[in-house]
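Summary of the model geometry
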Amino acid sequence: MLTAYLDESGHEGKELVILAGFLGTEEQWEKCESAWRSGLGKRKHLHMRKLRWSSRPEHLKSLLSTLGPIPHASGLQAVFSAVKVADYEDLVDGTVMQKLMKGYHITLLGVIDIIAKNIPADETFKLVLEAQDTYEVQAKSIFKATDSNRTPDGRRKLVSLDYIGKSILTEPADYLAYALLQLHLDRKSMKSEFCTPILKNTRPALARDHLAEKDKLRQFVEGMVEKHPNLMRSAT
């Protein structure tokens, strides 16, 4: 069984939301964790949103340059899904459906689908994410809805969807999601430049990029609207 540790970056509303992380075996994750702890040096953890970008930038650049290649060198595969809520919000604006079609949930569905379609037919996987009280209830519904993804012998491909507290194993995902966000916001910024090392994949990422597939995204949302007309009632 494979495991993907994921984290999200971005903002709800009409903004960009990115869910990203790495997928691999238990052995690959053990290798990554060991190298990551060593790469942190005197730090105990890496939290991208808490970094002081204007203080000792060269030290920060060195840290991110050290950590960035580690997941790839450990054999893990990058995976991500990105969506701009404004690209589909007009289809569900003001309805109960809008609350269920948050950017976080769209990207979660995207990650599940892209992994299920690209791993071996008889392989299974689980997702591990940092605790998100706002989204966990709906995420559990999404887990139930993906029951049709099965191996040839009838096992669920997505074995579990778990939420955990702070963990060093989600830190590569935090770094990757943050790097992808900075790339979209301003690829010439200092933050984007410093985050480049984790974007240098040694093999292609598994990606469901709704930013480049806007028409398919809208078709999916329109399909959900047609399938669940009872959820198109006013949310007020």
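Here goes a summary of the coordinates provided. (Residues numbered from 1 in each chain as written. Predicted model: local features only at pLDDT ≥ 70, side-chain atom pairs only at ≥ 80, totals over all residues. Heavy atoms only, no water.)

Details of the overall build of the chain
The helix and strand inventory of the chain stands at nine helices and six strands. Rg of the C-alpha trace for the chain: 18 Å, near the compact-globule value of 18 Å for 236 residues, within the 12% margin. Taken along its principal axes, the extent of the C-alpha atoms in the chain is 55 × 45 × 30 Å. Among the 236 residues that make up the chain, the fraction classed as buried is 48%. Charged side chains of the chain number 34 positive and 31 negative; the gap between the two group centres comes to 4 Å. (Helix = DSSP H or I, 4+ residues; strand = E, 2+ residues; numbered from the N terminus. Rg over C-alpha atoms; globule rule 2.2 N^0.38 Å. Buried < 20%, exposed > 50% of the residue type's maximum accessible area, 1.4 Å probe, protein only. Lys, Arg positive; Asp, Glu negative; His and termini not counted. Charge placed at Lys NZ, Arg CZ, Asp CG, Glu CD.)

Section: the pattern of salt bridges
Summed over the entire model, instances satisfying the criterion amount to twelve salt bridges. Where Glu193 meets Lys61, a salt bridge forms, and the shortest distance between an N and an O atom there is 3.4 Å. With Glu193 in helix α8 (residues 190-194) and Lys61 in helix α2 (residues 57-67), this pair connects stretches of sequence that are 132 residues apart. Residue class for Lys61 comes out partly exposed when judged on its relative accessible area of 29%. Linking Arg155 and Asp153 is a salt bridge whose minimum nitrogen-to-oxygen distance equals 3.0 Å. Under the relative-accessibility criterion, Arg155 is labelled partly exposed at 38%. A residue is classified by how much of its surface remains accessible, and Asp153, at 56% relative accessible area, is exposed. (Salt bridge = Lys/Arg side-chain N within 4 Å of Asp/Glu carboxyl O.)

Let's talk about the nonpolar core
Counting 35 residues, the largest nonpolar core has Trp36, Leu46, Met48, Trp53, Leu64, Leu67 and Tyr175 as the members making the most contacts within it. Residue assignment for this core shows that the elements contributing at least two residues are β2 (16-24), α1 (26-40), α2, β3 (77-84) and α7 (171-185). If you tally residues by element for this core, the top one is α7, at seven residues. Ignoring sequence-local partners within four residues, the contact set of Trp36 consists of Leu46, Leu67, Ile70, Pro71, Ile168, Glu171, Pro172 and Tyr175. Listed in part, the 24 residues of the second largest apolar core include Leu6, Tyr135, Ala139 and Leu158. (Core = buried A, V, L, I, M, F, W, Y, C linked by side-chain atoms within 4.5 Å. Contact = heavy atoms within 4.5 Å.)

Concerning the sheet that holds strand β4 (residues 125-130)
Spatial strand order, β5-β4-β1-β2-β3-β6: six strands in an open sheet with mixed pairing. Every other strand in the sheet has two partners, leaving β5 (158-164) and β6 (206-209) as the edge strands with one partner each. For this sheet the average axis-to-axis angle between neighbouring strands, irrespective of direction, equals 15°. (Pairing = 2+ DSSP bridges. Axes fitted to C-alpha atoms, helices over the stretch in contact; angles between N-to-C directions.)

Comments concerning the pairing of β2
Of all nine residues that make up β2, nine are buried, and the element is covered over most of its length. The sheet contact formed by strand β1 (residues 2-10) and β2 spans eight bridges and is antiparallel. Paired with Thr3 across the strands is Gly24, a residue of β2.

Observations concerning the environment of Ala212
Tracing the sequence through the fold places Ala212 in the loop between β6 and α9 (214-227). The class for Ala212 is exposed, based on a relative accessible area of 65%. A C-alpha to C-alpha distance of 29 Å links Ala212 and Ser160, two positions 52 residues apart in sequence.

A word on the packing of helix α5 (residues 103-118) against helix α6 (residues 136-145)
Between α5 and α6, whose axes approach to 11 Å, the crossing angle comes to 30°. Viewed along their axes, α5 and α6 form a crossing whose handedness is right-handed. In this structure, α5 contributes His105, Leu108, Leu109 and Ile112 to the contact, and α6 contributes Gln138, Ala139 and Ile142. Each residue belonging to the contact of α5 with α6 can be placed in one class, and the counts come to five nonpolar, two polar and no charged. (Left-handed = near helix turned anticlockwise from the far one by under 90°. Nonpolar A, V, L, I, M, F, W, Y, C, P; charged D, E, K, R; others polar.)

So, α5
The terminal C-alpha atoms of α5 lie 23 Å apart, and with 16 residues this matches the ideal 22 Å at 1.5 Å per residue to within 8%. Of all 16 residues in α5, twelve are buried, a share of seventy percent or more. Inspection of α5 places Gly103, Tyr104, His105, Ile106, Thr107, Leu108, Gly110, Val111, Ile112, Ile114, Ile115 and Ala116 among the buried residues, and these make up the whole buried set. (Expected span 1.5 Å × (residues − 1).)

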